[in-house]
Each structure stands twice: as structure tokens, then as C-alpha cells.
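Structural description and commentary
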Amino acid sequence: MFQRGARGVVPVAATSAGGQADASGPADSAYLGDLGGLSAHRRLIVLDLRGTGRSAVPEDTSSYRCDRLVEDVEALREHLGLARIDLLAHSAGANLAARYVARHPDRVRRLALITPGTRAVGVEITGESRRELARLRTDEPWFPEAFAALEAITAGAGTGSDREAISPFFHGRWDAAAQQHQAAARPDNAEAVTLFAADGAFDPRATRAALATWQNPVLLLAGEFDLNSPPRSVAAFAELLPGATLVVQPGAGHYPWLDDADRFVATTAAFLT
């Protein structure tokens with residue numbers, strides 16, 4: 001928990017699993033760090049979802065399901081004594097945030113969705129859209145191996161090594177810092193990842209209907225090169241929310257606070273003011 005700033009921002013951490021697009025779920029929130037320095041502007045109250053970080057593994061593992069985690073967010077808000085919160089969610093965490101807003105619309109002042117997952121609202125990401133985005137990186141030295149691995153995954157024949165090989169596509173720069181962060185962001189509770197999206201976790205029609213009537217400000221921030229949450233898909237998500245603003249961060253991947261912390265913080269802090 002970071003204690004600077006006047007109002008609290010509750011970030012929900014869930015990310016891609018081992019670099020594999022579409023396989024995502026709860027992760028130790030430590031990979032968020034201080035979101036590139038956002039904690040200098042707002043107090044960040046970071047929630048470790050069940051079975052991750054400092055949160056215990058539940059006896060009932062079916063409670064890992066996305067819709068069943070909604071009340072954990074609500075319990076945190078009540079514990080903090082906050083009438084309303086600003087909710088920030090990354091990657092798969094955006095699915096949980098969307099379900100929370102649909103169930104508790106009066107409890108959220110502003111919603112920031114950073115390189116969001118889109119399963120909760122039924123926005124599908126095709127293999128071709130990922131390949132199209134990947135081809136923007138043809139000049140990178142790692143491209144041939146990574147693209148071959150992406151083709152294998154898209155065809156349904158990918159292996160664990162293929163999932164590792166596409167990791168560069170999740171970053172604006174594939175340098176030592178990105179490689180270290182990729183390892184730190186990898187969820188270590190495979191069961192939590194699997195059950196996060198179990199049958200019944202999402203109800204896209206109901207969630208979309210609820211979001212369509214929610215008028216509060218929403219920021220959807222996409223990374224220009226993000227293979228996990230392509231800008232086109234994030235834009236489709238934004239169209240579902242009347243109060244949405246879409247920002248595409250140039251040169252960024254799935255972790256925009258790592259690729260350009262100053263730009264990310266300026267955008268996000270201004271929105272949350």
C-alpha cells in the first residue's frame with residue numbers, strides 16, 4: 001500500500017500468463033511496482049487477489065472465478081471506509097473491474113483500464129489481428145523466432161517454449177529490464193489463472209448493458225504494440241462506455257508504465273485528478 005496523495009486509487013492486478021495471449025488471471029500485485037511513479041500523485045491501495053501475493057489460498061478454489069472476486073473488491077472498499085473509489089485495473093483485472101462497476105456502479109468515481117482484457121464485455125481478439133500487430137515489429141532482431149511461435153500458438157499447436165518466445169511482443173523494448181519484469185509478472189498460481197475464467201465467470205450481455213448506462217469518466221489506455229490487448233480491441237471496449245476516453249501510448253506494450261513511465265504517469269494522473 002502506498003500512502004501519498006489525498007484520495008485512494010485501488011489497482012486490481014491481473015496479467016497475461018507467461019506471455020500467452022488469452023491465458024490470463026490473477027498475479028502477485030508486486031509486478032505493478034508503483035506504476036511508474038503514480039504513487040507520487042495518488043495513494044495506491046493495491047489488492048492481492050485470492051491465492052496471490054500476500055493473500056491466502058482459499059479452501060474453496062471455485063472462488064477464484066472472476067465474478068466471485070467482485071465482493072472482495074467491495075469488502076476492501078468497505079474496510080477502507082471509502083464512499084467511492086477510483087478503480088484502476090490492468091490486463092485481466094479489467095474484467096474484474098468491469099464486473100465490479102456493473103454490480104456496484106455507485107461505488108466508483110473514475111475507472112482507469114490499463115491495456116485491458118476484454119472477455120467480460122465479449123470483445124473478441126482474433127489471431128489475425130494479433131499477427132497484424134506483430135508485423136509492426138519486423139525490424140526487431142527477435143522477430144523471426146517470436147513470430148514463428150505466435151503462428152504456432154494461433155494455429156493451436158503452441159508449446160510452453162512458444163509461449164515464452166512471444167514475450168517480446170508484450171513490451172515496447174525487449175531489453176534487460178523488460179525481461180526481468182516479464183519474469184516477475186508471470187502468475188505463479190496456475191489454478192487461480194485457470195479458474196479465473198471458468199464457466200460462469202463472465203456475462204458479457206449483462207455487463208455491457210450495465211456499462212452502457214454508466215456515465216462516469218473512464219480511461220482506456222492501450223499500448224501501440226500490445227499483442228495481448230491490441231489498440232483496436234481496446235477501442236471496441238471504449239465504445240461500450242459513454243464516458244470513455246481512449247488513449248494509445250506510442251511505443252508501449254502491455255506494461256506502459258515500464259515503457260515510458262513519464263508519459264504513462266502524466267496521462268493517468270491527469271485523468272484521476
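As a reminder, the structure under discussion sits directly above these lines.
Residues numbered from 1 in each chain as written. Predicted model: local features only at pLDDT ≥ 70, side-chain atom pairs only at ≥ 80, totals over all residues. Heavy atoms only, no water.

Brief notes about helix 4 (residues 143-154)
Taking 1.5 Å as the rise per residue, helix 4 with 12 residues should run 16 Å; its terminal C-alpha atoms sit 16 Å apart, in good agreement. Buried within helix 4 we find F143, A146, F147, A149, L150 and A152. Check the buried side of helix 4 and you find it contacts helix 3 (127-134) and helix 5 (160-165). Looking one or two places after helix 4, you find G156, whose phi comes out positive at around 85°. (Helix = DSSP H or I, 4+ residues; strand = E, 2+ residues; numbered from the N terminus. Expected span 1.5 Å × (residues − 1). Buried < 20%, exposed > 50% of the residue type's maximum accessible area, 1.4 Å probe, protein only. Contact = heavy atoms within 4.5 Å.)

Considerations on helix 9 (residues 231-238)
Every buried residue of helix 9 is listed here: P231, S233, V234, F237 and A238. The buried residues of helix 9 occupy one face: seen down the axis, they fall within an arc of 160°. On the buried face of helix 9, the contacting elements are helix 2 (93-103), strand 5 (108-114), helix 3, helix 8 (204-212), strand 6 (218-223) and strand 7 (244-249). (Arc of directions from axis to C-beta.)

Overview of the side chain of R99
Counting through the fold element by element, R99 comes out in helix 2. Among buried Asp, Glu, Lys and Arg side chains, R99 stands out as unpaired, with D67 the closest opposite charge at 4.5 Å. Discounting chain neighbours no more than four positions away, the residues touching R99 are C66, D67, V70, A120, G200, A201, F202, D203 and T207. (Lys, Arg positive; Asp, Glu negative; His and termini not counted. Salt bridge = Lys/Arg side-chain N within 4 Å of Asp/Glu carboxyl O.)

Some details on the nonpolar core
Core analysis: the largest hydrophobic core is formed by 38 residues, its most contacted members being L87, V108, L111, L113, L220 and F237. Among the elements of the structure, helix 1 (66-80), strand 4 (85-90), helix 2, strand 5, strand 6 and helix 9 are those that each provide at least two residues to this core. The dominant element in this core, judged by the number of residues it contributes, is helix 2, at six residues. If you look at the next biggest cluster of nonpolar residues, it comprises 33 residues, including L32, L44, F169 and F264. (Core = buried A, V, L, I, M, F, W, Y, C linked by side-chain atoms within 4.5 Å.)

Quick notes on the packing of helix 3 against helix 4
Between helix 3 and helix 4, whose axes approach to 10 Å, the crossing angle comes to 175°. By the angle between their axes, helix 3 is roughly antiparallel relative to helix 4. Along its contact with helix 3, which presents G127, R130, R131 and A134, the element helix 4 presents F143, F147, L150, E151 and T154. Split by residue class, the contact of helix 3 with helix 4 holds four nonpolar, two polar and three charged. (Axes fitted to C-alpha atoms, helices over the stretch in contact; angles between N-to-C directions. Parallel < 35°, antiparallel > 145°, perpendicular 65-115°, else oblique. Nonpolar A, V, L, I, M, F, W, Y, C, P; charged D, E, K, R; others polar.)

Some remarks on the environment of L220
Along the polypeptide, L220 turns up in strand 6. On a C-alpha basis, the gap between L220 and V121 in space is 14 Å, while along the polypeptide they are 99 residues apart. Setting aside anything within four residues of it in sequence, one finds L220 in contact with L113, P116, V234, F237, A238, L241, A244, T245, L246 and V247.

Remarks on unusual backbone geometry
Its identity is not glycine, yet L35 carries a phi of approximately 55°, on the positive side. Along the polypeptide, L35 turns up in the loop between strand 2 (20-26) and strand 3 (43-44).

Some thoughts on the environment of A165
Within the secondary structure layout, A165 lies in helix 5. Separated by 57 residues in the primary sequence, A165 and V108 place their C-alpha atoms 38 Å from one another. Sequence-distant contacts of A165, that is, excluding residues within four places in its chain, are made with E145, A146 and A149.

Description of the pairing of strand 7
The sheet contact formed by strand 6 and strand 7 spans six bridges and is parallel. Residue pairing for strand 7: L219 is matched across the bridge by T245. Each parallel crossover has a hand, and for strand 6 linked through helix 9 to strand 7 it is right-handed. (Pairing = 2+ DSSP bridges. Right-handed = clockwise from strand over helix to strand, strands pointing away.)

Here's the deal with the packing of helix 2 against helix 8
In a pair of packed helices, the angle between the axes and the distance between the axes together describe the arrangement. Close contact between helix 2 and helix 8 brings their axes to 9 Å; oriented N to C, the two are set at 65°. In terms of crossing hand, the pair formed by helix 2 and helix 8 is left-handed. Here A98, R99, V101 and A102 of helix 2 lie close against helix 8, whose contacting residues are T207, A210 and L211. Here the contact of helix 2 with helix 8 is composed, by residue class, of five nonpolar, one polar and one charged. (Left-handed = near helix turned anticlockwise from the far one by under 90°.)

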